[in-house]
Amino acid sequence: MEKRYDIVEIKENVLADNDRVAGKIREELRRSNTCFINLMASPGAGKTSLLIKTIEALKDKYTIGVMEADADGDVDAKTISALGVRTLQIHTGGLCHMDADMTFRGLKELGFEDLDLIFLENVGNLVCPAEFDVGAALQVMILSVPEGDDKPLKYPLMFKVSDCMIVNKIDAEAVFDFDYEACVERARALNPEIRPFRLSALKGENVDEWIRYLDGFIREWRK
Amino acid sequence: MKVIELKKSVTDSNDRDAALLRRELDEKGMLLINLMSAAGSGKTTFLSRTITDLKDLRIAVIEADIESVVDAERIAKLGARSIQAHTDGMCHMDAGMTREAVESIGTDETDVLFLENIGNLICPAEYDTGAQRNVMILSVPEGDDKPLKYPLMFENSNVLIITKTDTMSYFDFDMDKCIERVRRLNPFIEIFPVSAKTGEGMDEWEKWLIREVQETKNRRKR
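Computed from a prediction, not measured in an experiment: that's the story for all the values here. Along each chain, residues carry numbers from 1 onward, in the same order as the chain's sequence is written. Following the order in which they are written, the chains are lettered starting with A and the ligands numbered starting with 1. Note on the predicted model: pLDDT of at least 70 is required for a residue's local features to be given, and 80 or more for side-chain atom pairs to be given and counted; whole-chain, interface and lining totals, by contrast, use all residues.

1. As for the overall build of chain A
Worth spelling out the cut-off: Helix numbering and strand numbering both begin at the N terminus, where a helix is a DSSP run of H or I of at least 4 residues and a strand a DSSP run of E of at least 2. With C-beta atoms placed from the backbone, a residue is labelled by how many other C-beta atoms lie within 10 Å of its own: buried for 20 or more, exposed for 12 or fewer, partly exposed between the two.
A count of helical and extended segments in chain A gives eight helices and seven strands. For chain A, the spread of C-alpha atoms along the three principal axes comes to 65 × 45 × 35 Å. Across the 223 residues of chain A, 47% fall into the buried class.

Structure follows, in structure tokens:
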């Protein structure tokens, strides 16, 4: 039978456009030697808490900027800007992720040329942000203990596209039935290169290990 | 220049499909509940507890996930009918996908069918699935500021279940403040703080559920 209709692969086109803009972001940031980190997690996993500890540890060493992406509200931006780093609140207007275009607009609004290090705190969502390359040099995801060790099985893409997996809220391991080894094994089955960290951002436990790694990565990248 | 509002036409046609599905469910006298929350809030544990507590209620479950069958297996072990719906990367269920899943599991011998939506506090709130009731879960470890950041989910839900209340002492969660923030967005929402683990507070939610099942059956009789 003759095909009487055309098929438009909208999703493929959207992603191809996105990848082009993400490439452009990488070029620009390379030029200004600004290391850009995309931080992703479900709502309430502890993105802001980890960011606070990280900024406190690195702010004397690097000039830092932060973009807080949220569907709504500005609670996080208030917290972060209180640390004395340049902060921009981005409202996605209900959108569930940041794409490269929105990120580029954010970077220009924030001003990136004079910054050494920029964090994007992505929208709290373990699904959609994984699909959109925002031009970051390092992709970091957080999984918190109360969410459960089965999350790599259910949200595989996030684990596949991340360079680091931070297991947060380990101080609550006693109350939750969380098997760290099993979780890491599941994540590695999806992404053998993923680098796991096990910490409590709130209590500060093991945070120094993460900071050491990140500092090393930034130095290497900026060489 | 011509402008097409893609998002609006998508949600319009979804709303039409959802209204049609809801009417059909009402005619059958079966209650469909759309259960939403972030990943790892405890949707499956909460459902498991409800199924175990309410043996006289004929409960069936649609488990929507991007991948995997872990949840459908957990529910099936309890003896409830369940199917796994794979969205293949999609971050929410819409009315068309819900209809497909409802038709596939069937509505016979069922008092209440739960749709366990994708673990996501944003996108599922935008899509009417055709369910008669929307129930959302917020767990204590996620924090009491979530209504400020994800308002649409709280606005579009009939019931809020606050789970993992047994971990209140480990987290800095202000129950009163959380409830106040939620009520500001949605004054009519019913709120049930529970621990699916210890069973605390489950009876209030279960009373609500039994009443809703009965009202759905009464609607058919009228």
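Once the structure has been displayed, the description carries forward.
2. Some words on the overall build of chain B
Filter applied, for reference: Both definitions apply: the radius of gyration is a C-alpha atom measure, and the globule rule equals 2.2 Å times residues to the power 0.38. Once C-beta atoms are placed from the backbone, any two residues with those atoms within 7 Å are in contact.
Helix and strand counts for chain B stand at nine helices and seven strands. Against the 2.2 N^0.38 benchmark of 17 Å for 222 residues, chain B shows a C-alpha radius of gyration of 17 Å, consistent with a compact globule. Principal axes of the C-alpha set define a box for chain B whose edges measure 50 × 50 × 40 Å. Across the 222 residues of chain B, 45% fall into the buried class. Within chain B, contacts between residues at least 6 apart in sequence are counted, and of these 76% link residues at least 24 apart.

3. A look at the sheet that holds strand β5 (residues 138-144) of chain A
All names here are of chain A. Convention followed: Between any two strands, at least two bridges found by DSSP are needed for them to pair. Fitted lines through C-alpha atoms give the axes, limited to the stretch in contact for helices. The angle between two N-to-C directions lies from 0 to 180 degrees.
Taken in spatial order, the seven strands line up as β3-β2-β4-β1-β5-β6-β7 in an open sheet, and their pairing is parallel. Lying at the two open borders of the sheet, with one neighbouring strand each, are β3 (86-91) and β7 (195-198). When strand polarity is set aside, the average angle formed by the axes of neighbouring strands in this sheet is 20 degrees. Relative to β7, strand β6 (residues 164-168) runs parallel, the two sharing four bridges. Counterpart to Met165 in the pairing with β7 is Pro196. Sitting on the sheet, helix α4 (residues 100-110) is in contact with β2 (64-70), β3 and β4 (117-121), with an inclination near 145 degrees to β3. Strands β1 (35-41), β4, β5, β6 and β7 of the sheet are contacted by helix α8 (residues 207-222), whose axis makes an angle of about 140 degrees with β1.

4. So, the environment of Ser13(B)
Residue and element names in this part refer to chain B. Counting through the fold element by element, Ser13 comes out in helix α1 (residues 6-28). C-beta crowding within 10 Å serves as the criterion here: with 13 such atoms nearby, Ser13 is assigned to the partly exposed category. A C-alpha to C-alpha distance of 13 Å links Ser13 and Glu126, two positions 113 residues apart in sequence.

5. Some details on the packing of helix α2 (residues 43-53) of chain B against helix α3 (residues 70-77) of chain B
All names here are of chain B. Our working rule: Should an angle lie under 35 degrees it is considered roughly parallel, over 145 roughly antiparallel, and from 65 to 115 roughly perpendicular; all remaining angles are considered oblique. A clockwise turn of the near helix away from the far one marks a right-handed crossing, whereas an anticlockwise turn of less than a right angle marks a left-handed crossing. Three residue categories are used. Nonpolar comprises Ala, Val, Leu, Ile, Met, Phe, Trp, Tyr, Cys and Pro, charged comprises Asp, Glu, Lys and Arg, and polar comprises the others, including Gly.
Between α2 and α3, the shortest axis-to-axis distance is 10 Å and the interhelical angle comes to 10 degrees. Judged on the interaxial angle alone, α3 and α2 are roughly parallel. Our pair here, α2 against α3, has a crossing hand that is right-handed. Side by side, α2 and α3 meet where Thr44, Leu47 and Ser48 of the first sit next to Asp71, Arg74 and Ile75 of the second. Per-class residue counts for the contact of α2 with α3 are two nonpolar, two polar and two charged.

6. Topic: the interface of chain A and chain B
Contacts between the two partners involve 29 residues from chain A, matched on the other side by 29 residues from chain B. Top contributing element to the side of chain A that touches chain B by residue count: helix α5 (residues 151-154) of chain A, with three residues. Residue composition of the side of chain A that touches chain B, by class: 14 nonpolar, eight polar and seven charged.

7. What to know about unusual backbone geometry
For Asn206(A), which is not a glycine, the phi torsion comes out positive at approximately 65 degrees. Its location among the elements puts Asn206(A) in the loop between β7 and α8. At Lys164(B), a residue that is not glycine, the phi angle is positive and equals roughly 60 degrees. Locating Lys164(B) in the fold gives a position in the loop between β6 (159-163) and α8 (175-185).

Geometry only, nothing functional implied.
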